[in-house]
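Observations on the three-dimensional arrangement
Now for the letters of each chain:
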Amino acid sequence: MALSDSVTTCLSQPVHYAICKLGFEKKDTYDINSILSGNGQVCWQAVTEHVCYLESDQSVDYIKSIRSFGPVCESVNVHFKSLTKEQFIIQYASWLHWTNCTKVFLEVFDVLQYTQTTELALGLMKLTSCLERALGDVYLLKGNDCPFLLRDLLASEQLAVVFGQAVMNVLRIFIGSPHGLNLRNILWHGFASPQEIPAKYCAMLLFLTVGLGQLLQTYLLQTKCILLHRPYVIFVSLEELDVFPGKYINLNNETLSLAEELVKLSSFVLKTMLPFWIAALTAFKQSRYADSVILLLPQLEAGLRLLFTMTNKCPNRLLTAESSAFYTTFDEMLVKHLDNEEVNQLPVVLEEPAMASEFLWDFLNHQEGPRIRDRLSHGEIDLEAFPREVANQILAFAITLLCRFSDENMFSLKEHTVMKPLMNCASCYQSRFHPISRLKKQVLECMKSIHSWSELPTVPEEQVQTIKDLEENAEASTLILMISEITSQLLQYIPQNCCSSDDPINSVLTERLLAELCDTRVCTLYSPRRVLEIVVILRKISTQCHQVSEQVIASAEVRYTQWVNKTLRSRQRHNYLRMLNSIKFLSPVLRLILILITVEVVSVHAVCKKDPFDYQQYLKFLKLVLQYTENLVTYTSPEKNKWEETMELTNKALIKIRKISDRKLMLMHLAT
């Protein structure tokens, strides 16, 4: 029997007891009128009386408090079930507006009427994320930077000032504290199965949200404050997330039917979690894309945790950790080394470790990526506007894992014409949001900007040549020679599959070279600290180059218009012609720097590991280039417009770069 079949719960014994049994030990029938007035006002004093405290330090006694709240929660659940939807809206909906997600809370009320366990768990995940976001908005009435973690938010002085410490203690019993029920975390991290979440706790959180709305209204009236809601995060550049392109891969009913078969047979799926998978596929079919992803993400985590514990021989970590230990979550499963310094074996068992791990890092962790799990679980995304494009990627990735960890007798499904394109896309995935990947994107965007210089309007060539400038003296030849020498040196260290050129100044060839260098696969998984430090500097250099290019474009267009309209004074005309002369040389210089950046990126891993490589000297070299580009930004700005100084600066910088580059390249040669 596969381990996925034998696991009956992912809740440790103490956590299972707290959630599934502790709140059911008291058999008293609690009168709802004790905590709810006739006009629908929550009697907070009566509610907070159920919070128990330790005699030793007066901190919350979570065990006794959960036991005490059991009958209260049941009473609230029964009360809500006795109401029609219209009655609930009339009596309570206005107190939910402060969340900016009234519709989500009304959906939770609907689910409570039928107690569908899977939909109940989904409703609770959405409720906790929306509640957290709303509490963060309230926090900003009193503070500046809202805490990222729910537990820190609930423990904040700012919320205690608005709602009262006793009220915040009530919330922490249900969510936000690892010592309490911790309903949010056990669901969002894929520990709880549908049948393990009592409906009465969901009802209680809905009730508490109403009560918080009442307290907040009183506070706002007293302080004359206005509650503002932070704007939702919007996914931009959706094409960057298109790992499994819709034009090649169609997640239609046929694909989803095959996925349902895989779900039932794949060893990646814990059988207790099967209803979540089926519900996720159903939600996708119904175009409920946020719901589908909310259901899928915890199950991806649960499946990967199963593999993690099996491959690293730590089966106990499949279960929820106690408050004194860490949960085994995505963040830990994706690290290179375990706590005991042994190598994490999960990437190895994934067969295509770079693909699976880099996809997860890209979509969940990298700061410049979509960070889908964080943003959904913390309420940062408008659930009604969740894009299908994002849901496509998560579901397609999930299907590839289901397929990969299916039995051999599932060969016909694995080889199905629908599945093969999915697996092919997965196998060739490259990170898109790692700093190295973002640097490559920056370089290409900068190159595109520089390329547009050739299309800038300009005055007749014979008028430019009337200026006795660089073209008429030896400095021009020296400048071109240095650019050629440095570029030629760099070309010695490019990968063999990339094109080279006998003419390193040729713009077409250097652009082609840059494109090929940026397309070269570079390992981004587990990048050492040194590599990341270098990439930070390279990205700054690229940013400065791009700014220079944009400034040149803006200045050239403005000056040309002024030239045509004859509104330039004599000195300005002279400076404009000098600028036109200067940018002829500035273009190959900037292309040289971009080549330098991409060569460094392609070779940075190997070079950083070698002893002969003088890391500090290397940083000095890069900082010299950075300083030059920063000065270039200043000199080419519309405010300064110093083109003669720009060329002097460039000449001096190239001399230094060539000198240090010789030494650096020698070290690289020794290192390889």
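Residues numbered from 1 in each chain as written. Predicted model: local features only at pLDDT ≥ 70, side-chain atom pairs only at ≥ 80, totals over all residues. Heavy atoms only, no water.

An unreviewed UniProt entry lists the protein under the name EMARD protein, from Mionectes macconnelli.

**Regarding the overall build of the protein**
Along the backbone of the protein there are 30 helices and 0 strands. Put simply, 76% of the contacts in the protein that link residues at least 6 apart link residues at least 24 apart. Just so you have it, the protein exposes about 29,400 Å², and 52% of that area is on carbon and sulfur atoms. (Helix = DSSP H or I, 4+ residues; strand = E, 2+ residues; numbered from the N terminus. Contact = heavy atoms within 4.5 Å. Areas by Shrake-Rupley, 256 points an atom, 1.4 Å probe, with all protein chains shown as cover.)

**A short note on the side chain of Lys 126**
Examined against the element boundaries, Lys 126 turns out to sit in helix H7 (residues 117-139). Only 2.9 Å separates the side chain of Lys 126 from the side chain of Asp 291, close enough to count as a polar contact. Ignoring anything within four residues of it in the chain, the contact list for Lys 126 reads Val 104, Glu 107, Asp 291, Ile 294 and Leu 383. (Polar contact = N/O pair within 3.5 Å; in protein donor to acceptor, adjacent residues only side chain to side chain.)

**A closer look at empty space enclosed by the protein**
Inspection of the entire model under this criterion finds 2 cavities of 30 Å³ or more. As a volume, the largest cavity reaches approximately 50 Å³. Every residue along the wall of the largest cavity is listed here: Thr 99, Asn 100, Cys 101, Cys 130, Arg 133, Asp 137, His 229, Arg 230 and Tyr 232. (1 Å grid on protein atoms, 1.4 Å probe; cavity = no way out; pocket = protein on both sides within 12 Å on 5 of 7 lines; lining within 4 Å. Points joined across faces, edges and corners; volume = space filled by probe spheres on them.)

**Some points on the nonpolar core**
Core analysis: the biggest nonpolar cluster contains 156 residues, and Phe 80, Phe 174 and Phe 386 have the highest contact counts within it. Residue contributions to this core peak at 14 residues, all from helix H12 (residues 199-223). Counting contributing residues, this core receives three or more from each of domain 1 (13-223) and domain 2 (238-427). Those residues in contact with Phe 386 that sit more than four places away from it in its chain are Phe 235, Tyr 289, Ala 290, Val 293, Ile 372, Leu 376, Ile 381 and Ala 391. Counting 69 residues, the second largest nonpolar core, distinct from the first, contains Leu 479, Leu 517, Leu 624 and Val 633. (Core = buried A, V, L, I, M, F, W, Y, C linked by side-chain atoms within 4.5 Å. Buried < 20%, exposed > 50% of the residue type's maximum accessible area, 1.4 Å probe, protein only. Domains from an automatic or database assignment.)

**Quick word on the side chain of Thr 99**
Within the secondary structure, Thr 99 sits in the loop between helix H5 (85-92) and helix H6 (102-114). When its relative accessible area of 2% is taken as the criterion, Thr 99 is described as buried. Polar contacts involving the side chain of Thr 99 include one to the main-chain carbonyl oxygen of Leu 96, which spans 2.6 Å. Among the polar contacts made by the side chain of Thr 99, one reaches the main-chain amide nitrogen of Cys 101 at a distance of 3.1 Å. In this view, Thr 99 contacts Phe 105, Ala 134, Thr 209 and His 229; residues no more than four positions away in its chain are not counted.

**Some words on helix H27 (residues 529-564)**
For H27, spanning 36 residues, the distance from its first C-alpha to its last is 53 Å, which sits close to the expected 52 Å at 1.5 Å a residue. Where H27 ends, the next residue or the one after it, Lys 566, has phi of about 55 degrees, a positive value. (Expected span 1.5 Å × (residues − 1).)

**Section: the packing of helix H13 (residues 253-265) against helix H20 (residues 388-404)**
Relative to each other, H13 and H20 sit at 45 degrees, their axes nearing to 10 Å. Considered as vectors, H13 and H20 are oriented oblique to each other. For the pair H13 and H20, the sense of crossing is left-handed. Taken together, the residues of H20 that come into contact with H13 (itself represented by Thr 255, Leu 256, Ala 259, Leu 262 and Val 263) are Leu 395, Ile 399, Leu 402 and Cys 403. Residue composition of the contact of H13 with H20, grouped by class: 8 nonpolar, 1 polar and no charged. (Axes fitted to C-alpha atoms, helices over the stretch in contact; angles between N-to-C directions. Parallel < 35°, antiparallel > 145°, perpendicular 65-115°, else oblique. Left-handed = near helix turned anticlockwise from the far one by under 90°. Nonpolar A, V, L, I, M, F, W, Y, C, P; charged D, E, K, R; others polar.)

**Here's the deal with the pattern of salt bridges**
Throughout the structure, instances matching the rule amount to 23 salt bridges. The salt bridge partner of Arg 578 is Glu 644, with a shortest N-O separation of 4.0 Å. Taken as a pair, Arg 578 in helix H28 (residues 570-608) and Glu 644 in helix H30 (residues 643-671) lie far apart in primary sequence, 66 residues in all. Given the relative accessible area of 42%, Glu 644 is considered partly exposed. Overlapping salt bridges, with partners in common, bring together Glu 107, Glu 119, Lys 126, Arg 288 and Asp 291 in one network. (Salt bridge = Lys/Arg side-chain N within 4 Å of Asp/Glu carboxyl O.)

**Digging into unusual backbone geometry**
We note that Asn 182 has phi near 55 degrees; this positive angle belongs to a residue other than glycine. Relative to the assigned elements, Asn 182 resides in the loop between helix H10 (165-174) and helix H11 (183-188). Of the residues examined, Asn 182 reaches a relative accessible area of 4% and is grouped as buried. Of note, the phi angle at Asn 641 is positive, near 55 degrees, even though the residue is not glycine. Taking the relative accessible area as the measure of exposure, Asn 641 reaches 10% and is therefore buried.

**Some points on the packing of helix H4 (residues 62-81) against H12**
In the contact formed by H4 and H12, the axes pass within 8 Å of each other and the chain directions differ by 80 degrees. Considering their axes alone, H4 and H12 lie roughly perpendicular with respect to each other. Every residue of H12 that contacts H4 at Ile 66, Phe 69, Gly 70, Val 72, Cys 73, Glu 74, Val 76, Asn 77 and Phe 80 is listed here: Ala 199, Lys 200, Tyr 201, Ala 203, Met 204, Leu 206 and Phe 207. Partitioned by chemical class, the residues of the contact of H4 with H12 number 12 nonpolar, 2 polar and 2 charged.

**So, the environment of Leu 181**
Along the chain, Leu 181 falls in the loop between H10 and H11. Leu 181 sits in the buried class, given a relative accessible area of 2%. Setting aside chain neighbours within four positions, we find Leu 181 in contact with Ala 18, Ile 19, Ile 66, Ile 173, Phe 174, Ile 186 and Tyr 201.

**Side note on the confidence of the model for the protein**
Summary statistics for the protein give a mean pLDDT of 87 and a share of 89% for residues scoring 70 or more. This stretch, residues 666-672, has a pLDDT under 50; its non-local contacts, to residues over four places away or in other chains, come to 8 contacts. (pLDDT = per-residue confidence, 0-100.)

**Brief notes about the state of the cysteines**
According to the stated counting rule, one finds 0 disulfides in the structure shown. Cysteine Cys 428 shares no disulfide, and the gap to the nearest cysteine sulfur, in Cys 425, comes to 5.9 Å. (Disulfide = S-S within 2.5 Å.)

**Some remarks on the packing of aromatic side chains**
By the definition in use, this model includes 17 aromatic pairs. Both rings, one in Phe 69 and one in Phe 174, keep their centres 5.5 Å apart while their planes meet at 70 degrees; by these two values the pair is edge-to-face. Of this pair, Phe 69 sits in helix H4 while Phe 174 sits in helix H10, placing them 105 residues apart in sequence. A connected cluster of aromatic rings, assembled from ring pairs, spans Phe 244, Phe 359, Phe 363, Phe 397 and Tyr 429. Above the ring of Phe 24, the side-chain terminus of Lys 200 is found at 3.7 Å from the ring centroid. Of note, Arg 305 hangs over the ring of Phe 191, and the distance from its end group to the ring centre comes to 3.8 Å. (Phe/Tyr/Trp six-rings, centres within 6.5 Å; stacked < 30°, edge-to-face > 60°. Lys NZ or Arg CZ within 6 Å of the ring centre and 35° of its normal.)

**Structural notes on the environment of Glu 389**
Position of Glu 389 relative to the elements: it lies in helix H20. Distance in space between the C-alpha atoms of Glu 389 and Leu 238 is 7.0 Å, their sequence separation being 151 residues.

**Details of the environment of Leu 120**
Examined against the element boundaries, Leu 120 turns out to sit in helix H7. Along the primary structure Leu 120 and Asp 110 are separated by 10 residues, whereas in three dimensions their C-alpha atoms are 9.5 Å apart. Those residues in contact with Leu 120, other than ones at most four positions away along the chain, are Val 111, Leu 112, Ile 197, Pro 198, Ala 199 and Cys 202.

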